[in-house]
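Listed below are the residues making up each chain.
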Amino acid sequence: MFGGIRIGRLAGIPFLINPTWFLVFALFVFTIATQELPQMIIGEAEWVYWVCAVTVAVLFFGSLVAHELGHSLVSRRFGIPVLSITLYLFGGVAQIGKEVRRAREELLIALAGPAVSLALGGLFWGVGDLIFAWRPLAGVVLQLAGLLNIVVLLFNLVPGFPLDGGRVLRAAIWGLRGDYLEATKVASVSGQMIGALFIAGGIFLIFTQSDLGAFWMVLIGWFLISMARTSYSQAHVQDALQRHKASDVMESLIEVSALLTADELYSGYLRTTGKQFYLALMYDRPAGVVTAHMVERIPRSVWGITPLALLMRPIESIPVVRADQSCQEALLGMEQARSEWLQVTEHGHPVGIVTRAAVLSLLYPGRQL
Ligand SMILES: [Zn+2]
């Protein structure tokens, strides 16, 4: 949803523009040039309105970027990296690298954006007001940009996730109750309710006023609901992955001699235990891991003459996760190694295997993967 065309860097943070944004920019300039400005200042040439409209749009979208930069710089101050800033359909999004650890940090990061909008709104409006008598057109352009910043400020302070107000709400509940997941849930439900209100209000206006602008309200409402739901499920996933250790979901390794043949492994272990993973020992030391799949892959006619030493994946080549590390770290390890499973070690000794399917089964309990 937040993909985009890379434009460059801002304070070292990649800055992207989502393709949908260009449409919004064009629509925005069109509305200001043909409807808003001609009503505010009468009798200017058409091209003057267009130049002013583009100026308002640049100031406005520049302000949105500054708003996101506000979140980003505070976040970075707390040591939380910012992956990118993207301008999309309704505004900006700063993608933060990892979840915030403390409620107070979340609160300050959430407030930094609205603080920038407030400052810019006040500045544009104030300067616009000052120069209005002398340069009415420039004054109106600045006042419009100021007004839009205040609209962004008010919209973002609505207390529903993922808006800044929702983040403030989450930080407050999190700080008071100490439960991050519960706080996220409340803020997410609140965000969904506000989204539903937007949709209901939009539909009401479409039918009573036949106002096409109300379609935007419906769209924003729908967007809020889907964002709030995604944010909660992401928090839920993070929480489950962090709470469980690799040892919670590992399948223990059964030790066998690397000199056993595939046939012996099958008749002595695989058929009777049904276990998938075996630790092949050479001179009593772990040499590799053999899986049921590795045995099944070779023709049955050669099982009797194929020692496990030939089949196994050498132990040094298998990525490692410690038994006390979290499932999140295990999943990350699999992603980095592009492997479907890892060995779990205790005091440096392999004791089990964690598979991607086992980690994912945490997230969807009751569903077989
Ligand atoms: Zn914000």
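Calculation rules
- Residues numbered from 1 in each chain as written.
- Predicted model: local features only at pLDDT ≥ 70, side-chain atom pairs only at ≥ 80, totals over all residues.
- Helix = DSSP H or I, 4+ residues; strand = E, 2+ residues; numbered from the N terminus.
- Buried ≥ 20, exposed ≤ 12 C-beta atoms within 10 Å, placed from the backbone.
- Pairing = 2+ DSSP bridges.
- Contact = placed C-beta atoms within 7 Å.
- Axes fitted to C-alpha atoms, helices over the stretch in contact; angles between N-to-C directions.
- Parallel < 35°, antiparallel > 145°, perpendicular 65-115°, else oblique.
- Left-handed = near helix turned anticlockwise from the far one by under 90°.
- Expected span 1.5 Å × (residues − 1).
- Domains from an automatic or database assignment.

Draft legend 1. Structural view of the environment of Glu296. Inspection of the secondary structure puts Glu296 in helix H10 (residues 292-297). Under the C-beta neighbour-count criterion, Glu296 is labelled exposed, with 12 such atoms within 10 Å. For the pair Glu296 and Ala172, spaced 124 residues apart in sequence, the C-alpha to C-alpha distance is 55 Å.

Draft legend 2. View of the pairing of strand S1 (residues 5-10). Along S1, only 0 of the 6 residues are buried, which leaves the element largely exposed. Hairpin connection between S1 and strand S2 (residues 13-17): a loop of 2 residues separates the two successive antiparallel strands, and Ala11 in this loop has a positive phi of roughly 50°.

Draft legend 3. Expanded view of the sheet that holds strand S12 (residues 349-355). One open sheet holds the 4 strands; their spatial order is S5-S12-S11-S10, and the pairing between them is mixed. Only two strands of the sheet have a single neighbouring strand rather than two, namely strand S5 (251-252) and strand S10 (320-322). Pairing between S10 and strand S11 (residues 341-346): 3 bridges, direction parallel. Bridging across to S11, Val321 finds its partner in Val344. Each of S11 and S12 is contacted by helix H13 (residues 356-363), which is oriented at about 60° to S12, the strand it contacts most.

Draft legend 4. Examining unusual backbone geometry more closely. Here Ala11, not a glycine, exhibits a phi torsion of approximately 50°, which is positive. The topology assignment puts Ala11 in the loop between S1 and S2. You can call Ala11 exposed: it has 11 C-beta atoms within 10 Å. Even without being glycine, Asp284 reaches a positive phi, approximately 65°. Mapped onto the secondary structure, Asp284 falls in the loop between strand S7 (277-282) and strand S8 (285-291).

Draft legend 5. Quick peek at the packing of helix H6 (residues 180-209) against helix H7 (residues 214-243). The contact between H6 and H7 brings their axes to 7 Å, and the two run at 165°. One way to sum up the angle between H6 and H7 is to call them roughly antiparallel. H7 is crossed by H6, and the crossing has left-handed handedness.

Draft legend 6. Seen up close, helix H4 (residues 136-156). Under the 1.5 Å per step criterion, the end-to-end length of H4 is 30 Å for 21 residues, consistent within 8% with the ideal 30 Å. Those residues of H4 lying buried are Val141, Leu142, Gln143, Leu144, Ala145, Gly146, Leu148, Asn149, Val152 and Leu153.

Draft legend 7. Just the sheet that holds strand S9 (residues 313-314), in detail. On the basis of which strands lie adjacent, the open sheet formed by 4 strands has the order S6-S7-S8-S9 and mixed pairing. If you trace the sheet from one side to the other, it starts and ends with strand S6 (254-257) and S9, each paired once. Inspection of the sheet shows S7 paired to S8 by 6 bridges, in the antiparallel sense. Counterpart to Phe277 in the pairing with S8 is Thr291. Against the sheet, helix H9 (residues 262-273) touches S6, S7 and S8, its axis set at about 170° to S6.

Draft legend 8. Structural view of the domain arrangement of the protein. Split by domain assignment, the protein resolves into domain 1 (1-157), domain 2 (160-238) and domain 3 (246-363). Relative to domain 3, the C-alpha centre of domain 2 lies at a distance of 45 Å.

Draft legend 9. Representation of the pairing of S12 in the model. Among the 7 residues of S12, 5 are classified as buried, and the element is accordingly described as predominantly covered. Bridge count for S5 against S12 is 2 bridges, and the pairing is antiparallel. From the neighbouring strand, Ser252 faces S12, where its bridge partner is Gly352. Where S11 lies against S12, 6 bridges are found, and the strand directions are antiparallel. Directly across from Trp341, in S12, lies its bridge partner Thr355. Taking the residues between adjacent antiparallel strands as the criterion, S11 and S12 are bridged by 2 residues, where His347 takes a positive phi near 50°.

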